[in-house]
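Next come the chains, spelled out residue by residue.
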Amino acid sequence: LLARFDRPIGWWLLFWPCAWGVLLAGGARSDWQLILWMLLGAIAMRGAGCVYNDIVDADLDRQVARTRNRPVASGAVSVRSAWIWLAMLAAIGLIVLLQLPRVAQFVALGSIAPVAAYPFMKRITWWPQAWLGIVFSWGLPVGWVAVAGHFPLAGWLLYTGSIAWVIGYDTIYAVQDVEDDALVGIRSSALALGGKVRGGVAAFYAGAVILWGVAFWLVRPDVLALAALLPAALHLVWQVVTLRADDGASALARFRANRTTGLLVALACPVVGATA
């Protein structure tokens, strides 16, 4: 429970950008084992991130209905035990790290500071979702660099689009807690947008699709490259159209639907990357 292994949506959302980086860089056939290693790394490091977040946020979690029963906040797991579990998960992450080329290892290690800072962002900015986007998209440059040895403009555009995507779906997720967050003093993009959550999510999703499209075009300047993104774009449109910002269950379902979005983008990447 502490590592959220009962809620796999988190590691799927962390994994998909990793896969995009490998696939759009042209590693669908030559580096498929790398994708499996990065899946293991996503599961372990998402778990480690959840443990760290729960240790840091235990005081705030106790004040929010959705989070007050988390293991550390409720006292079911001691802080000492949580740190030990965190170290074990990090050890798995280290094993994955050692499978990467040296340059990709350095890129991966660059994520440590942003990850460590993330739990504090909700206390100092109305847009912690943007910081989460930076963190949850970090596997994309790691995967790309592991395959190609460098990170071109197309990679940066794909990465920036991923950040916009994360802001969009995590804003949907934050809708569940707006009342408690406002009382406790936790900041979020959902609170910052107020009654314009649907429009804000639509804008971030649109930005993501545009940036992904330009990245695809730079890799393969062909209409087929853009057509490959159409299923993912339509899926995001469906999320926005059917989102009910005043309904926590609807918001959670749309948030979880982004596992499918990630898969659709991943399926589009080899169509373009295989000919790079």
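On a predicted model such as this, the values are computed, not experimentally measured, just so you know.

S.K.: I keep staring at the packing of helix 2 (residues 32-56) against helix 5 (residues 79-97) and nothing clicks. Help me out?
M.R.: For any two helices packed against each other, the geometry is given by the interaxial angle and the distance between the axes. At their nearest, the axes of helix 2 and helix 5 sit 8 Å apart, and the two run at 160° to each other. Relative to helix 5, the element helix 2 is oriented roughly antiparallel. Two packed elements cross with a definite hand, and for helix 2 against helix 5 that hand is left-handed. Contact residues: Trp37, Leu40, Gly41, Ala44, Met45, Gly47, Ala48, Val51, Tyr52 and Ile55 in helix 2; Val79, Ala82, Trp83, Trp85, Leu86, Leu89, Ala90, Ile92, Gly93, Ile95 and Val96 in helix 5. Looking at the contact of helix 2 with helix 5 residue by residue, the classes come out as 18 nonpolar, three polar and no charged.

S.K.: Mind showing me how you'd approach unusual backbone geometry here?
M.R.: Most peptide bonds are trans, and most residues other than glycine sit at a negative phi. At Arg4, a position not held by glycine, the phi torsion is positive, near 60°. By the element assignment, Arg4 lies in the segment before helix 1 (9-24).

S.K.: What is the right way to look at the packing of helix 9 (residues 139-148) against helix 10 (residues 153-174) in this model?
M.R.: Close contact between helix 9 and helix 10 brings their axes to 9 Å; oriented N to C, the two are set at 155°. With respect to each other, helix 9 and helix 10 are oriented roughly antiparallel. The two elements helix 9 and helix 10 meet at a crossing, and its hand is right-handed. Residue-level contacts link Leu140, Pro141 and Trp144 of helix 9 to Ala154, Gly155, Leu158, Tyr159 and Ser162 of helix 10. Among the residues forming the contact of helix 9 with helix 10, the class breakdown is six nonpolar, two polar and no charged.

S.K.: It is not clear to me how the packing of aromatic side chains should be interpreted in this structure. Could you clarify?
M.R.: Each aromatic ring pair is described using two quantities: the centre-to-centre distance and the angle formed by the ring planes. Here the structure, examined in full by the defined rule, presents 16 aromatic pairs. With a centroid separation of 5.1 Å and 40° between ring planes, the pair formed by Trp20 and Trp165 is classed as tilted. One end of the pair, Trp20, is in helix 1; the other, Trp165, is in helix 10, with 145 residues separating them in the sequence. Comparing Trp20 with Trp165, the two get one shared label, buried. Ring geometry for Trp165 against Trp212: centres 6.2 Å apart, planes inclined by 65°, an arrangement best described as edge-to-face. Of this pair, Trp165 sits in helix 10 while Trp212 sits in helix 13 (residues 197-219), and the two are 47 residues apart along the sequence. Taking relative accessible area as the criterion, Trp212 reaches 0% and is therefore assigned buried. Clustering of aromatic rings is evident, with ring pairs tying together Trp20, Trp165, Tyr169, Tyr173, Trp212 and Phe255. Between Lys122 and the ring centre of Tyr118, over which it is positioned, the NZ or CZ distance is 5.5 Å.

Reading the values: rules and limits
- Every chain is numbered on its own, with residues counted from 1 as its sequence reads.
- In keeping with the model being predicted, local features are shown solely for residues with a pLDDT of at least 70 and side-chain atom pairs are shown and tallied solely at 80 or more, while totals for entire chains, interfaces and linings include all residues.
- Note that water and hydrogens are dropped before the side-chain values are worked out from all heavy atoms of the structure.
- Between N-to-C directions, angles cover 0 to 180 degrees, with each direction set by a line fitted to C-alpha atoms, over the stretch in contact for helices.
- Here a helix means four or more residues in a row that DSSP labels H or I, a strand means two or more in a row labelled E, and each is numbered from the N terminus.
- If an angle is under 35 degrees, it is roughly parallel; if it is over 145, roughly antiparallel; if it lies from 65 to 115, roughly perpendicular; otherwise it is oblique.
- Crossing handedness is defined as follows: a turn of the near helix away from the far one that is anticlockwise and smaller than a right angle gives a left-handed crossing, while the clockwise case is right-handed.
- Every residue pair with non-hydrogen atoms within 4.5 Å of one another is taken to be in contact.
- Three residue categories are used. Nonpolar comprises Ala, Val, Leu, Ile, Met, Phe, Trp, Tyr, Cys and Pro, charged comprises Asp, Glu, Lys and Arg, and polar comprises the others, including Gly.
- Ring pairs are drawn from Phe, Tyr and Trp, using the six-membered ring of Trp, whenever the two centres fall within 6.5 Å, and their geometry is named by plane angle: stacked under 30 degrees, edge-to-face over 60, tilted for the rest.
- Here the term buried applies to any residue with accessible area under 20% of the maximum for its type, exposed to any over 50%, and partly exposed to those in between, with areas from a 1.4 Å probe on protein chains only.
- Both a distance and an angle decide whether a charge sits over a ring: NZ of Lys or CZ of Arg must be within 6 Å of the ring centre and within 35 degrees of the ring normal.

Geometry only, nothing functional implied.
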